[in-house]
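Understanding the architecture of this molecule
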Amino acid sequence: MTVQLDHIIPYRQTAKEVISSLDTDARNGLSVGEAGERLKKYGKNELMAEKPVPAWRKFLAQFHDVLVILLLVATLISAGMWLYERDSALPYEAIAIFAVVLLNAIMGYVQQARAEEAMAALRQMTAAQASVVRDGKRQNIPATEIVPGDIIVIEEGNTIPADARVLQSTALQTAEAALTGESLPVLKDDLPITEEVGLGDRDNMIFSGTIAVYGHGRAVVTATGMQTEMGRIAGMLKETPVETTPLQKELQRVGKMLGIIVVAIAVVIIATILLVEDVHGFSALFDVLILGVALAVAAVPESLPAVVTVVLSLGVQRMARKNAIVRHLAAVETLGSANVVASDKTGTLTRNEMTPVGVSIWKVRVTLPKAGSIRKAEKKLMEISSLSLYAHLQQLTGQATLCCKNAAGAGWYTETRLKGR
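Residue numbers here run from 1 along each chain, matching the order of that chain's written sequence. The predicted origin of the model limits local features to residues at a pLDDT of at least 70 and limits the giving and counting of side-chain atom pairs to 80 or more, whereas totals for whole chains, interfaces and linings rest on all residues. Just so you know, side-chain values use all the structure's heavy atoms and leave hydrogens and water out.

The next point concerns the overall build of the protein. The secondary structure content of the protein amounts to 13 helices and 10 strands. Think of it in three bands: with a 1.4 Å probe and only protein chains considered, a residue is buried below 20% of the maximum accessible area for its type, exposed above 50%, and partly exposed in between. Taken across its 421 residues, the protein has 34% of its residues classed as buried. Contact definition: two residues touch when any of their heavy atoms are within 4.5 Å. Taking as baseline every contact in the protein between residues at least 6 positions apart, the subset at least 24 positions apart corresponds to 65%. Here the protein displays about 26,000 Å² of accessible surface, and carbon together with sulfur accounts for 59% of that area. Put simply, DSSP marks the helices as runs of H or I at least four residues long and the strands as runs of E at least two long, and each gets a number from the N terminus on. Areas reported here follow the Shrake-Rupley algorithm with a probe of radius 1.4 Å; residue values treat only the protein chains shown as occluding.

Put into structure tokens, the structure is as follows:
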């Protein structure tokens, strides 16, 4: 039977309606044969990977820079001058310039290769196995073989392998920070939602890539692979145009400017010599051209790309010590160019958790114990609240105003004191 997934809105339908739409059985699941047919039709449950770029193309990509191209031209000119003059055993200047360019390319290639290896290791952290019910039997299968209509069994600690509609929930809670940004676990149920809501409010749905942090339950798979919410995000990321970093734009500007200056120097020197000196014959004219080109090549800063690469590599190493992966060398510079970092109170850009660090009660600020000691923080907060309340009661002769977590000027720093911290 053909299943029309596009017409199914699982969170707005009852569990029975979803089961019927997907032509499956809530108790016995799909048959092994039907699961195989659907796997052929819908494909594997995995995100579409980009075609691997050959190593030689990655290496040549390191030379796609105006300044590097300018240095390569200088290398060819210097080698040509050596062939003409033969004033030394080897073209030492050309070798030195090319060595700098080659070292710059090798450093960039090695950094990109290391970053891609680290990203490949991170991909292995996704759900490798999934527990499903097929032919009435519970079994573990590779997560890539899950198909729409499969009945999956979710337990505490499991990574959700695909988008699914909850059929049974026993205090099932999932962490959806990676998808919605909400740091607190979301309690799941099997009740339909009548109106259209966003992802964060679909309490009867579980999503691929999120984690079950408490309870257990059953769900029927409604989307796999690129059709999941994570897959749609991955698709949008692929459609994002490649943008150059501020440093790359500046280096391109400098490279073009140097190119113009170098050509101008050569033209001015050659024109000046031809006007001042009495140049006759092809040999003398060629010597003048060689002199102008030599002065122009000397104006090219051979060490600039290498210096930039070394500095960026140091930045990448510092980021790596903070457990941050930088795929391209030039990208590490953009962090220093950021003027505004927009975040919310959940702290999902940091540790994916929210911890009180201080409290402000009636213009009195007190720092709570360090993160990792929440019980101590709560105890300290209770002591502060009790003492402050007692003092305020004494001052107002029985009239007190309790501070609220959302009150302006009082409350958790993570709630009302986010600005400036």
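That covers the picture; the talk isn't over yet.
Time to look at the packing of helix α4 (residues 66-85) against helix α9 (residues 281-298). Interaxial distance between α4 and α9 falls to 10 Å at its minimum, and their mutual angle equals 145 degrees. When the axes of α4 and α9 are compared, the crossing they make is left-handed. Of the residues in α9, those in contact with Ala74, Ile77, Met81, Tyr84 and Glu85 of α4 are Phe286, Asp287, Ile290, Val293, Ala294 and Val297. The convention used is that axes are lines fitted to C-alpha atoms, helices contributing only their stretch in contact, and that angles between N-to-C directions extend from 0 to 180 degrees. Helix crossings fall into two classes, left-handed where the near helix is turned counterclockwise from the far one by less than a right angle and right-handed where it is turned clockwise.

A word on the pairing of strand β1 (residues 129-134). Along any regular strand the residues' side chains alternate between the sheet's two faces. Most of β1 sits out of view: five of its six residues are buried. DSSP bridges decide pairing: two strands pair if at least two such bridges lie between them. Bridge analysis of β1 against strand β2 (residues 137-142) gives six bridges, and the strand direction is antiparallel. In the sheet register, Ser131 faces β2, and the bridge partner there is Asn140. In this structure, the hairpin formed by β1 and β2 is closed by a connection of two residues, where Asp135 is found at a positive phi of approximately 55 degrees. Bridging between β1 and strand β3 (residues 151-155) involves two bridges; their strand directions are antiparallel.

Looking now at the environment of Met107. Take Met107: it is sitting in helix α5 (residues 92-123). If we skip the residues at most four places from it in the chain, Met107 touches Thr309, Val310, Ser313 and Leu329.

Moving on: the packing of aromatic side chains. Classification of ring pairs rests on two measures: the distance between centres of Phe, Tyr or Trp rings, Trp counted by its six-membered ring, which must be within 6.5 Å, and the angle between planes, read as stacked under 30 degrees, edge-to-face over 60 and tilted in between. Taken as a whole, this structure holds two aromatic pairs when the rule is applied. On the basis of an interplanar angle of 75 degrees and a centroid distance of 5.5 Å, the ring pair of Phe59 and Phe63 is categorised as edge-to-face. Taking 6.1 Å as the distance between ring centres and 80 degrees as the angle between the ring planes, the aromatic pair formed by Phe59 and Tyr109 counts as edge-to-face. Taken as a pair, Phe59 in helix α3 (residues 55-61) and Tyr109 in helix α5 lie far apart in primary sequence, 50 residues in all. According to the relative accessible area criterion, Phe59 is partly exposed, its value standing at 24%. We classify Tyr109 as partly exposed; its relative accessible area is 25%. Pairwise contacts between aromatic rings join Phe59, Phe63 and Tyr109 into one cluster.

What follows covers helix α10 (residues 304-321). The span you would expect from a helix comes to 1.5 Å times its residue count less one. Over its 18 residues, α10 runs 26 Å from end to end, which matches the ideal 26 Å to within 8%, given 1.5 Å per residue. Residues of α10 that are buried include every one of Pro305, Ala306, Val308, Thr309, Leu312, Ser313 and Val316, and no others. The buried residues of α10 occupy one face: seen down the axis, they fall within an arc of 155 degrees. Of the exposed residues in α10, the ones pointing more than 90 degrees away from its buried face are Val311, Arg318 and Arg321. Backbone geometry just after α10 places Asn323 at a positive phi near 65 degrees. Throughout, the arc means the angular range of directions from the helix axis out to the C-beta atoms.

Note that Thr24 resides in the loop between α1 (15-21) and α2 (32-42). What Thr24 contacts, discounting residues up to four positions off in sequence, is Ile19, Gly29, Leu30, Gly149, Ile151 and Val220.

Between Lys or Arg on one side and Asp or Glu on the other, a salt bridge is scored when a side-chain nitrogen of the former is within 4 Å of a carboxyl oxygen of the latter. All told, the structure shown has six salt bridges when counted by the stated rule. We note a salt bridge from Asp150 to Arg134, for which the minimum N-O separation is 2.7 Å. Of this pair, Asp150 sits in the loop between β2 and β3 while Arg134 sits in strand β1; the two residues are 16 residues apart in sequence, bridging distant segments of the chain. When its relative accessible area of 9% is taken as the criterion, Arg134 is described as buried.

Moving on, we get to the side chain of Gln62. Here Gln62 lies in the loop between α3 and α4. In the analysis that follows, any N or O atom pair within 3.5 Å is treated as a polar contact, provided that within protein one partner can donate a hydrogen and the other can accept it, and provided that, for residues neighboring in sequence, both atoms belong to side chains. A polar contact of 3.3 Å, which involves the side chain of Gln62, links it to the backbone oxygen of Lys58.

Now for unusual backbone geometry. Unusually for a residue other than glycine, Asp135 sits at a positive phi of about 55 degrees. Note on placement: Asp135 falls in the loop between β1 and β2. For Asp135, a relative accessible area of 46% puts it in the partly exposed group.

By definition, pLDDT measures how confident the predictor is in each residue, and it falls between 0 and 100. When pLDDT is averaged along the protein, the result is 76, and 74% of the positions lie at 70 or above. Every residue in residues 347-351 is under pLDDT 50, and counting partners more than four places away or in other chains gives nine contacts. Scored below 50 in pLDDT, residues 396-421 makes 55 contacts in the model with residues more than four places away or belonging to other chains.

Looking now at the nonpolar core. In this text, buried Ala, Val, Leu, Ile, Met, Phe, Trp, Tyr and Cys residues form a nonpolar core when linked through side-chain atoms within 4.5 Å. Core analysis: the largest hydrophobic core is formed by 16 residues, its most contacted members being Phe63, Leu70, Leu71, Ile97, Val101, Leu258 and Val300. Those elements giving two or more residues to this core turn out to be α4, α5, α8 (246-276) and α9. For this core, the leading source of residues is α4, giving five residues. Setting aside chain neighbours within four positions, we find Val101 in contact with Phe63, Val68, Leu71 and Leu72.

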